[in-house]
Amino acid sequence: MSESSVRLNVFKTYKLYVGGKFPRSESGRVYEVSDSKGKWLANAPLSSRKDARDAVVAARKAFGGWSGATAYNRGQILYRIAEMLEGRREQFVREVGEAEGLSKSKAAAVVDAAIDRWVWYAGWTDKIGQLVGGANPVAGPFFNLSTPEPTGVVTVVAPQDSSFLGLVSVIAPVIATGNTAVVIASEKSPLPALSLGEVLATSDLPGGVVNILSGKADEMGPHLASHQDVNAIDLAGAGPVLAKELEIAAADNLKRVLRPQPVDDWNADPGTSRMTAFLETKTVWHPTGSLGAGGSSY
């Protein structure tokens, strides 16, 4: 082999995904990420309290546009995420396999399930309203209509052991219903989550709708749980002690809290509970009025 044909590998620098951009942690800190056998994979950013605050600012800024978009448009964008993941399937098969110690075939099955889950939630964006809203019968000359509305900015503590399918399963329902998200990725396996940020950035998803932080949930979690501009928190990946601490902190501004739910198999039908967990119901009363001398009403 000639000297000219020898080249150095280009190692990937993983970064956070905040506000549609890819910053390093403002603290400059990183931590080592290893595979299931202890082999070094990469250095991931160790997010700070300031990074968490920046992510909340970005999520709040994006909320108005995202929640105001049509459900059909949100569905198109979620489907576009699935399309982009399909194009980068091999990369995610490798990263998920390394992160979770899976064979190539098992990792491929996980990635395929995650892609299918984006498609599944894309189909729900313009249907969930019919499921949980509608006209209510009342005794009087009134229309009484209930419609679901997104809660706002949702902090998501991602599952620790399911670095990709579990991650997608907790992010997709939050944004499908018009919320924006600040995600704390799996501490031990953050690389698939950070790579997902690169997919989201090229999928027509407005910057700030999803913000992905890597690092320690017990360091960032309390600040996000007590943050006055966070409206809800999903404790999917929090252990019992941390979950209790975050639940208490979240009570300060009456956040909605989705407590950790044991999941034996992330491949199972997720149902609609994670979508409805972060929806509020708005009920409107309107007089029917009367038409003509006969007193008929519409």
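Refer to the structure above for everything that follows.
Conventions we followed
- Residues numbered from 1 in each chain as written.
- Predicted model: local features only at pLDDT ≥ 70, side-chain atom pairs only at ≥ 80, totals over all residues.
- Heavy atoms only, no water.
- Helix = DSSP H or I, 4+ residues; strand = E, 2+ residues; numbered from the N terminus.
- Buried < 20%, exposed > 50% of the residue type's maximum accessible area, 1.4 Å probe, protein only.
- Areas by Shrake-Rupley, 256 points an atom, 1.4 Å probe, with all protein chains shown as cover.
- Lys, Arg positive; Asp, Glu negative; His and termini not counted.
- Charge placed at Lys NZ, Arg CZ, Asp CG, Glu CD.
- Salt bridge = Lys/Arg side-chain N within 4 Å of Asp/Glu carboxyl O.
- Contact = heavy atoms within 4.5 Å.

**Q** Lay out the overall build of the chain with the relevant residues and their values.
**A** The secondary structure content of the chain amounts to ten helices and ten strands. Based on the C-alpha atoms only, the size of the chain along its principal axes is roughly 100 × 40 × 35 Å. Across the 298 residues of the chain, 46% fall into the buried class. Here the chain displays about 14,400 Å² of accessible surface, and carbon together with sulfur accounts for 54% of that area. Side chains of the chain give 30 positive and 31 negative charges; the mean places of these two sets differ by 3 Å.

**Q** A description of the pattern of salt bridges should follow, citing residues and the corresponding values.
**A** Side chains that carry opposite charge are capable of pairing whenever their charged atoms lie near each other. Across all of its chains, the model carries 16 salt bridges by this definition. Salt-bridge contacts for R89 lead to E90; the nearest nitrogen and oxygen are separated by 3.2 Å. For E90, a relative accessible area of 47% translates into the label partly exposed. Several salt bridges converge on common partners, so that one network encompasses K12, R88 and E198.

**Q** Describe the environment of A217, and please don't skip the residues or the numbers.
**A** By the secondary structure assignment, A217 is in helix α8 (residues 217-225). Separated by 30 residues in sequence, A217 and E187 have C-alpha atoms that sit 7.3 Å apart. For A217, the contacting residues outside a window of four places in its chain are V157, I184, P222 and L242.

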